[in-house]
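# Coordinate inspection notes
What follows is the residue order along each chain.
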Amino acid sequence: MTSVEVQTDKPDDDKSAPSGYAAARLRLLQGETRPGPPRRAALAGLTDDWLAALFDAGAGALTGVSLVAVGGYGRGELSPRSDLDLLLLHDGNADSGAVASLADRLWYPVWDLGLALDHSVRTPAEARRTAGEDLKVQLGLLDARHLAGDPGLTAGLRTAVLADWRNQAPKRLPELRELCEERAERQGELQYLLEPDLKEARGGLRDATALRAVAASWLADAPREGLDDARRRLLDVRDALHLATGRATDRLALQEQDQVAAGLGLLDADTLLRQVYEAARTVSYASDVTWREVGRVLTSRSVRPRLRAMLGGGTKPVTERSPLAEGVVEQDGEAVLARAARPERDPVLPLRAAAAAAQAGLPLSLHAVRRMAAAARPLPTPWPAEAREQLVTLLGAGRPTVEVWEALEAEGLITRLLPDWERVRCRPQRNAVHTWTVDRHLVETAVRAADLTRRVGRPDLLLVAALLHDIGKGWPGDHSVAGETIARDVAARIGFDRTDVTVVATLVRHHLLLIETATRRDLEDPATVRAVADAVGSVGTLELLHALTEADALATGPAAWSSWRGSLVTDLVRRVAAVLSGEATAAGGGPAEAEPTAEQERLAVEAFRTGGPVLSLRAQTEAPAGEAAPADPEPLGVELLIAVPDQPGVLPAVAGVLALHRLTVRTAELRTLDLPAQVPGTALLLDWRVAAEYGSLPQAARLRADLVRALDGSLDIAARLAERDAAYPRRRGTVPPPPRVTVASDASRHATVIEVRAQDAPGLLHRIGRALETADVRVRSAHVSTLGSNAVDAFYVTRADGAALPEADAASVARALEGALRE
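So, how was this worked out
Residues numbered from 1 in each chain as written. Predicted model: local features only at pLDDT ≥ 70, side-chain atom pairs only at ≥ 80, totals over all residues. Heavy atoms only, no water. Buried < 20%, exposed > 50% of the residue type's maximum accessible area, 1.4 Å probe, protein only. Helix = DSSP H or I, 4+ residues; strand = E, 2+ residues; numbered from the N terminus. Pairing = 2+ DSSP bridges. Right-handed = clockwise from strand over helix to strand, strands pointing away. Expected span 1.5 Å × (residues − 1). Axes fitted to C-alpha atoms, helices over the stretch in contact; angles between N-to-C directions. Parallel < 35°, antiparallel > 145°, perpendicular 65-115°, else oblique. Left-handed = near helix turned anticlockwise from the far one by under 90°. Contact = heavy atoms within 4.5 Å. Nonpolar A, V, L, I, M, F, W, Y, C, P; charged D, E, K, R; others polar. Salt bridge = Lys/Arg side-chain N within 4 Å of Asp/Glu carboxyl O. Core = buried A, V, L, I, M, F, W, Y, C linked by side-chain atoms within 4.5 Å. Phe/Tyr/Trp six-rings, centres within 6.5 Å; stacked < 30°, edge-to-face > 60°.

The side chains of a regular strand alternate, first on one face of the sheet and then on the other. Taking burial as the measure, the seven residues of strand S2 (residues 84–90) include seven buried ones, the bulk of the element. As judged from the five bridges shared by strand S1 (residues 65–69) and S2, these two strands associate in the antiparallel manner. Bridge pairing in S2 links Ser66 to Leu89. The pairing of S2 with strand S3 (residues 117–122) spans six bridges and is classified as parallel. Paired with Leu88 across the bridge in S3 is Val121. Note that the unit made of S2, helix H4 (residues 96–112) and S3 has a crossover that is right-handed.

Below, the structure written as structure tokens:
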């Protein structure tokens with residue numbers, strides 16, 4: 001603490017004397033009053049009394065003058081080394097010399113004590129004019145508080161300034177938002193910085209003050225839950241920082257964090273930073289919600305007069321609501337719950353809403369998140385398949401995932417879904433290489449991994465492993481070892497089978513293996529490569545680990561990844577893949593096909609005899625791997641079995657009809673089935689698992705009727721899909737990585753295998769089928785899977801004579817298909 005020495009001839013018990021105030025201030029700060037709001041209020045009250053006494057002693061018979069506290073002091077938030085923001089207000093009728101003399105009697109004692117002072121002398125008209133020219137002055141005057149002199153003069157200024165602020169809000173609020181954004185650009189985000197500025201960084205005290213100003217405008221208000229506590233926490237930390245350093249600083253430097261933590265009675269500096277981050281996160285989220293509401297209100301004000309004019313006046317325009325997913329719609333630039341949504345009956349709704357919002361590039365509305373947090377039922381263990389798929393879709397949305405994840409986090413939904421998240425939430429990383437806290441780093445890694453999903457065969461496992469790879473931080477010991485155990489439990493809880501659980505656990509356990517080996521070991525040593533191969537186990541896991549390594553490094557910070565490091569890792573992966581491939585069995589003819597069931601044969605025979613498509617719909621359920629189906633099974637969708645006489649164009653026709661009926665394809669298989677000897681011929685058998693995007697499933701008769709029309713050419717699917725797309729407003733949405741089409745060499749001895757990895761979208765299979773038809777190849781079998789928002793499909797194609805494509809022709813087909821998907 002800094003002591004204050006004052007030379008004065010006045011007795012110490014004179015409350016206008018600097019020495020009397022200094023002694024009382026020193027006693028207060030040394031522990032006479034409880035820290036926190038009570039001490040700040042006591043310090044403000046003590047300062048009020050001292051300045052009022054100075055004013056009374058200097059004003060004499062002077063009238064039409066008042067002393068006003070503004071800014072932080074006006075709010076009564078005096079930290080030990082805070083500035084005193086003062087306005088000497090006069091009505092313009094008083095003698096200017098007397099006013100100047102009074103100002104000297106006020107300012108000099110403050111300076112004599114070494115206190116920082118921001119002061120001005122103005123009439124009400126001058127104060128309002130200056131506020132109109134300088135936004136910062138106007139913000140300070142919004143917190144004006146009377147200290148001494150003519151209270152009517154102060155009250156009149158307060159009333160006028162508030163009226164000006166509300167009248168000018170449509171113009172001033174965008175200025176304020178721009179000011180906040182410029183400050184955030186300079187200072188960074190408080191919730192991630194190792195040496196944060198408690199006042200200026202995004203999510204700090206300046207932003208909390210800006211939210212008060214927005215509320216004062218009456219145009220919008222910030223979410224109140226937790227905001228006052230967050231602001232109080234930041235002020236408490238600043239108080240302790242001032243006392244620890246003896247300086248008027250707002251930067252929480254590393255060397256002072258232990259002392260500040262001790263001053264607040266906290267365990268250590270990490271606990272201190274975590275509390276600061278939590279408070280900053282609350283302020284930042286409140287800011288995001290508030291500024292979004294301000295933008296919506298201002299846009300509505302500018303648009304409604306034009307709409308009323310177009311509608312002839314008086315008619316209230318209907319708010320447009322367009323569907324995003326079951327129970328979720330877009331309204332006014334946000335994802336909101338549909339009127340029929342029932343979160344209390346739909347435990348998957350929070351994940352479905354979050355995934356839909358992120359995929360559309362929209363924020364989740366505050367009301368929707370809070371309603372789901374208050375009413376949503378907990379998910380069963382293990383999660384149903386839809387919940388797992390929606391989580392993967394959310395993680396695969398890329399950059400929009402961050403904002404949606406933070407909205408769920410703010411209302412406690414993340415830790416409810418993933419209880420192990422609590423230990424990494426807001427956890428600092430005291431490493432200059434790391435940009436983010438542990439939890440944000442995990443989300444950032446998933447964002448980076450979303451860009452790499454075209455490189456792997458199991459993007460769902462990559463995204464979940466990215467989210468969990470550092471989940472062991474916060475536990476004793478090696479975080480990779482602890483994380484393996486946690487990841488195994490989480491992956492099983494969210495519904496992966498035993499094989500996938502093992503892969504996720506392996507990725508988490510060895511997420512540092514490639515980078516550490518590539519940069520620290522001799523890659524020419526066969527033992528080095530063999531050790532990595534033994535740890536990884538398979539080419540598929542190696543492929544995932546390679547992508548996870550890059551995503552992790554890119555999400556860590558600029559210093560963690562470079563082209564040199566990337567080349568070393570790629571070289572290591574190439575060597576390990578050669579070892580693992582050498583032990584693989586020879587390539588066969590593709591996935592083994594099960595013998596057709598009696599129902600499949602029946603449908604195929606009927607299709608051949610009638611000459612048209614035959615189909616059946618059957619609800620599908622699942623049970624955990626190795627266990628019997630539950631007594632009350634949960635529907636996963638519908639199994640759609642279709643048999644069609646072998647003919648061209650079946651795949652695009654069926655896929656197009658399903659897209660027209662808004663059926664999402666989760667898995668699909670197509671194969672040629674030889675009919676029994678008594679019915680010579682072949683049929684195509686398509687086994688699909690589908691689910692409605694929203695609403696109920698269509699009737700089987702309608703599906704069959706449209707399929708007949710699609711096959712005979714009377715239903716123009718492409719035109720119908722284009723019309724429907726044009727009818728909906730374009731959203732900014734996510735920007736997924738581009739599709740990737742490759743030829744899997746040696747994957748089959750009897751056909752050419754073309755692999756497609758792309759963003760799942762309505763009509764994707766229809767477009768693929770059309771492109772393959774245009775390339776004049778025959779699809780002998782297809783294996784389609786949708787993993788979250790990613791489609792990973794394999795098509796076994798041949799020439800018309802049934803032979804595999806020559807290498808050059810296969811490459812040409814792959815290029816043409818990729819080009820068609822990029823259009």
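The discussion continues.
The first and last C-alpha atoms of helix H17 (residues 438–450) sit 19 Å apart over 13 residues, in line with the 18 Å expected at 1.5 Å per residue. Extensive coverage of H17 is indicated by the burial of twelve of its 13 residues. Every buried residue of H17 is listed here: Val438, Asp439, Arg440, His441, Leu442, Val443, Glu444, Thr445, Ala446, Val447, Ala449 and Ala450.

Below, the discussion takes up helix H29 (residues 764–774). Listed as buried for H29 are Leu764, Leu765, His766, Ile768, Gly769, Ala771 and Leu772. With its phi angle positive at about 65 degrees, Asp776 sits one or two positions after the end of H29.

The contact between helix H18 (residues 459–468) and helix H20 (residues 498–509) brings their axes to 9 Å, and the two run at 45 degrees. Here H18 is positioned oblique relative to H20, judged by the angle of their axes. As for the relative orientation of H18 and H20, their crossing is right-handed in sense. Between H18, through Leu461, Val464, Ala465 and Leu468, and H20, the contact on the second element is made entirely by Asp500, Val503, Val504, Leu507 and Val508. A breakdown of the residues in the contact of H18 with H20 according to their chemical character gives eight nonpolar, no polar and one charged.

Under the counting rule described, the total for this entry stands at 56 salt bridges. A salt bridge links Arg40 to Asp236; the shortest N-O distance between them is 2.8 Å. Of the two residues, Arg40 is situated in helix H2 (residues 37–59) and Asp236 in helix H9 (residues 227–245); the sequence distance between them amounts to 196 residues. The pair Arg40 / Asp236 is uniform in exposure class, with both members buried. Where Arg458 meets Asp460, a salt bridge forms, and the shortest distance between an N and an O atom there is 2.9 Å. What makes Arg458 partly exposed here is its relative accessible area of 27%. Here Asp460 falls in the buried class, since its relative accessible area comes to 6%.

Before going further, it helps to spend a moment on the sheet that holds S3. Ordered in space as S3-S2-S1-S4, the four strands form an open sheet in which the pairing is mixed. This sheet does not close on itself; its edge strands, each paired only once, are S3 and strand S4 (145–149). Across the sheet, the mean angle from the axis of one strand to that of its neighbour is 20 degrees, orientation sign disregarded. Strand direction decides the pairing type here: S1 and S4, joined by four bridges, are antiparallel.

The biggest cluster of nonpolar side chains holds 98 residues, and the ones touching the most others in it are Leu364, Trp383, Trp405, Leu418 and Trp421. Per-element accounting of this core gives the leading share, nine residues, to helix H12 (residues 349–360). With residues up to four places along the chain from it excluded, the contact list for Leu364 reads Arg292, Ala335, Ala353, Ala354, Ala357, Val369, Val404, Ala407 and Leu408. Judged by nonpolar contacts, the second largest core, of 50 residues, contains Leu640, Val650, Ala655 and Ala810.

Here we come to the packing of helix H21 (residues 513–520) against helix H24 (residues 563–582). For the pair H21 and H24, interaxial distance at closest approach is 9 Å and the crossing angle is 100 degrees. Comparing the axis directions of H21 and H24 gives the class roughly perpendicular. Contacts between H21 and H24 involve Leu514, Ile515, Thr517, Ala518 and Thr519 on the former and, on the latter, Trp564, Arg565, Leu568, Val569, Leu572 and Val573.

Next up on the list: the pairing of strand S6 (residues 328–331). Residues Val328 and Glu330 line one face of S6 and the alternating positions Val329 and Gln331 line the opposite face, and both faces are buried. Where strand S5 (residues 322–325) folds back on S6, the antiparallel hairpin that results is connected by two residues, among which Gly327 adopts a positive phi of roughly 85 degrees. For S6 and strand S7 (residues 334–337), the ladder comprises four bridges, and the chain directions are antiparallel. Within S7, the position partnered with Val329 by the bridge is Val336. Hairpin remark: S6 followed by S7, antiparallel, with two residues in the connecting loop; positive phi at Asp332, about 50 degrees.

The three strands lie next to each other as S5-S6-S7, forming an open sheet whose pairing is antiparallel. Strand pairing shows two members of the sheet lacking a second neighbour, S5 and S7, which therefore form its edges. Across the sheet, the mean angle separating the axes of adjacent strands is 45 degrees when strand polarity is ignored. Strands in contact with H12 are S5, S6 and S7; relative to S5, the strand with the most contacts, it is inclined by about 115 degrees.

Next up on the list: the environment of Val777. Note that Val777 resides in the loop between H29 and strand S14 (778–787). A sequence separation of 129 residues divides Val777 from Pro648, and the C-alpha atoms of the two residues are 9.6 Å apart. Setting aside residues no more than four positions away along its own chain, Val777 makes contact with Leu772, Val797, Thr798, Leu805 and Val813.

Moving on, we get to the environment of Leu78. Relative to the helices and strands, Leu78 resides in the loop between helix H3 (71–74) and S2. Through-space distance from the C-alpha of Leu78 to that of Arg39 is 8.6 Å; in sequence the pair is 39 residues apart.

Attention now goes to the packing of aromatic side chains. Summed over the entire model, instances satisfying the criterion amount to four aromatic pairs. Ring geometry for Tyr21 versus Trp50: centroids 4.2 Å apart, planes at 5 degrees, classification stacked. Residue Tyr21 is located in helix H1 (residues 18–32), and its partner Trp50 is located in helix H2; the two are separated by 29 residues in the primary sequence. Comparing Tyr21 with Trp50, the two get one shared label, buried. Centroid distance Tyr192 to Trp436: 4.9 Å. Interplanar angle 90 degrees. Geometry classified as edge-to-face. Of this pair, Tyr192 sits in the loop between helix H7 (151–187) and helix H8 (205–217) while Trp436 is found in the loop between helix H16 (413–417) and H17, placing the two residues 244 residues apart along the sequence.

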